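Fold and contact review
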Amino acid sequence: MNKDVIIACDFSSAEATYEFLDKFTDEKPFVKIGMELFYAEGPAIVRNIKARGHKIFLDLKLHDIPNTVKKAMAVLSALDADIVNCHAAGTRAMMEAALEGLTRADGTRPLLIAVTQLTSTDQAAMENELLIHEPINEVVMKYAKNAKDAGLDGVVCSPREAADVHNYCGSGFLTITPGIRFADGDVGDQKRVMTPADAAKAGSDYIVVGRPITAAADPVAAYKRCVKEFIG
Ligand code: C5P
């Protein structure tokens, strides 16, 4: 199992991202590129960060009809991202199509991770707007199981859900967990947080850490602290 710390590079331009990554001289952290940076800079940002030697989690959360997702995933696979994701709400057929699109001629492919229920969706919104009446934890577990049955590699979830996901879908099913804060750090807008050490104890496979590293006075030291707490 490759436990790792993924830095959420939530910057609005390539320039700001490179300025941040240039601070790292001895190590090449795994980075997450989200919609803002990808839509601002296009596929070149993925190629360039790859060429600098980083692994990339391309967090674009695809959700469309299966044929469209399959073709889009083939494009992302050619960019050589290491992890990509899609919404489990797109159904098993869409997730299977995503996997097919991602798989290269030589059989290799990036890891494919599902988003279950966004943490911004609460029980009330789910019931009143989406007409889903089951408890949210059961919905998350069912979506995780759908993803597993479709052949996906894991889910993005809270570190608090990691143990349940592993119980429900098996220990090899990956949990990628944001909402990480140092014990002595600012929580910011995250509601339910965990330290890197506690996320490790909870069984997270990868932690996604943004501002505790990107906004730190010394981002490299903050990254190293995260790795030490999470991996040892
Ligand atoms: O700065 P911070 O550590 O809060 O960043 C967390 C990252 O993880 C952000 O890129 C955020 O969009 C992402 N994320 C999250 N919660 C989710 C899914 C993704 O915080 N449920």
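Our structure is the block above this text.
A short tour of the structure in this document, coming up. (Residues numbered from 1 in each chain as written. Predicted model: local features only at pLDDT ≥ 70, side-chain atom pairs only at ≥ 80, totals over all residues. Heavy atoms only, no water.)

On to the overall build of the protein chain, then. Scanning the protein chain from terminus to terminus reveals 11 helices and eight strands. Taking 2.2 N^0.38 as the reference for a compact globule, 232 residues should give roughly 17 Å; the C-alpha atoms of the protein chain span a radius of gyration of 17 Å, in line with that estimate. In terms of its C-alpha atoms, the protein chain occupies a principal-axis envelope of roughly 45 × 40 × 35 Å. Across the 232 residues of the protein chain, 47% fall into the buried class. When contacts within the protein chain are restricted to residue pairs at least 6 apart in sequence, those whose partners lie at least 24 apart make up 66%. Put simply, the protein chain has 26 plus and 32 minus side-chain charges, and the middle of one group is 4 Å from the middle of the other. (Helix = DSSP H or I, 4+ residues; strand = E, 2+ residues; numbered from the N terminus. Rg over C-alpha atoms; globule rule 2.2 N^0.38 Å. Buried < 20%, exposed > 50% of the residue type's maximum accessible area, 1.4 Å probe, protein only. Contact = heavy atoms within 4.5 Å. Lys, Arg positive; Asp, Glu negative; His and termini not counted. Charge placed at Lys NZ, Arg CZ, Asp CG, Glu CD.)

The topology assignment puts Asp153 in the loop between α7 (136–149) and β6 (154–156). Engagement of the side chain of Asp153 in a polar contact is seen with the backbone nitrogen of Leu112, the distance being 2.7 Å. Apart from residues no more than four positions distant in its own chain, Asp153 is found in contact with Arg109, Pro110, Leu111, Leu112, Ile113, Gly172, Phe173 and Leu174. (Polar contact = N/O pair within 3.5 Å; in protein donor to acceptor, adjacent residues only side chain to side chain.)

Here the focus is the packing of α7 against helix α8 (residues 159–169). Their axes nearest at 10 Å, the elements α7 and α8 cross at an angle of 50°. Classified by the angle between their axes, α7 and α8 sit oblique to one another. Note on packing geometry: the crossing formed by α7 with α8 is right-handed. Between α7 and α8, the contacting residues are Asn137, Val140, Met141, Lys142, Ala144, Lys145 and Lys148 on the first element and Glu161, Asp164, Val165, Tyr168 and Cys169 on the second. Taken together, the residues that form the contact of α7 with α8 break down as six nonpolar, one polar and five charged. (Axes fitted to C-alpha atoms, helices over the stretch in contact; angles between N-to-C directions. Parallel < 35°, antiparallel > 145°, perpendicular 65-115°, else oblique. Left-handed = near helix turned anticlockwise from the far one by under 90°. Nonpolar A, V, L, I, M, F, W, Y, C, P; charged D, E, K, R; others polar.)

A few words now on the packing of aromatic side chains. What the rule picks out here adds up to five aromatic pairs. Taking the centre distance of 5.2 Å and the plane angle of 45° together, the rings of Phe11 and Phe20 count as tilted. With a relative accessible area of 17%, Phe11 lands in the buried category. By relative accessible area, Phe20 is classed as buried at 3%. Measuring from ring centre to ring centre gives 6.2 Å for Phe38 and Tyr39, while their planes differ by 65°; the resulting arrangement is edge-to-face. Relative accessible area serves as the criterion here: at 13%, Phe38 is assigned to the buried category. (Phe/Tyr/Trp six-rings, centres within 6.5 Å; stacked < 30°, edge-to-face > 60°.)

Further remarks concern the pairing of strand β8 (residues 206–209). Neither face of β8 is left uncovered, since the one carrying Tyr206 and Val208 and the one carrying Ile207 and Val209 both have all their residues buried. Taken together, the four bridges between strand β1 (residues 4–8) and β8 define a ladder with parallel strand orientation. Across the sheet, residue Ile7 finds its bridge partner in β8, namely Val209. Here strand β7 (residues 174–177) pairs with β8 via two bridges, running parallel. Bridging across to β8, Ile176 finds its partner in Tyr206. Handedness of the crossover joining β7 and β8 through helix α9 (residues 196–202) is recorded here as right-handed. (Pairing = 2+ DSSP bridges. Right-handed = clockwise from strand over helix to strand, strands pointing away.)

Leu58 and Met73 are the most contacted members of the largest nonpolar core, which totals 62 residues. Broken down by element, this core gets its largest block of residues, six residues, from α7. Apart from residues lying up to four places away in sequence, Leu58 is in contact with Ile33, Phe38, Val46, Leu76, Leu79, Ala81, Ile83, Val84 and Asn85. (Core = buried A, V, L, I, M, F, W, Y, C linked by side-chain atoms within 4.5 Å.)

To continue, consider the pattern of salt bridges. Applying the stated criterion to the full structure yields 14 salt bridges. Close ionic contact of Asp153 with Arg109 constitutes a salt bridge, the shortest N to O distance being 2.7 Å. In this pair, Asp153 sits in the loop between α7 and β6 while Arg109 sits in the loop between α5 (91–102) and β5 (111–115), placing the two residues 44 residues apart along the sequence. One salt bridge connects Asp184 with Arg225, and the closest N-O pair in it is separated by 3.2 Å. Pair noted here: Asp184 is in the loop between β7 and α9 and Arg225 is in helix α11 (residues 219–231), with a separation of 41 residues, a long-range link. Assessed through its relative accessible area of 62%, Asp184 is described here as exposed. Among the charged side chains, a salt-bridge network with shared partners connects Arg92, Glu96, Lys145 and Asp149. (Salt bridge = Lys/Arg side-chain N within 4 Å of Asp/Glu carboxyl O.)

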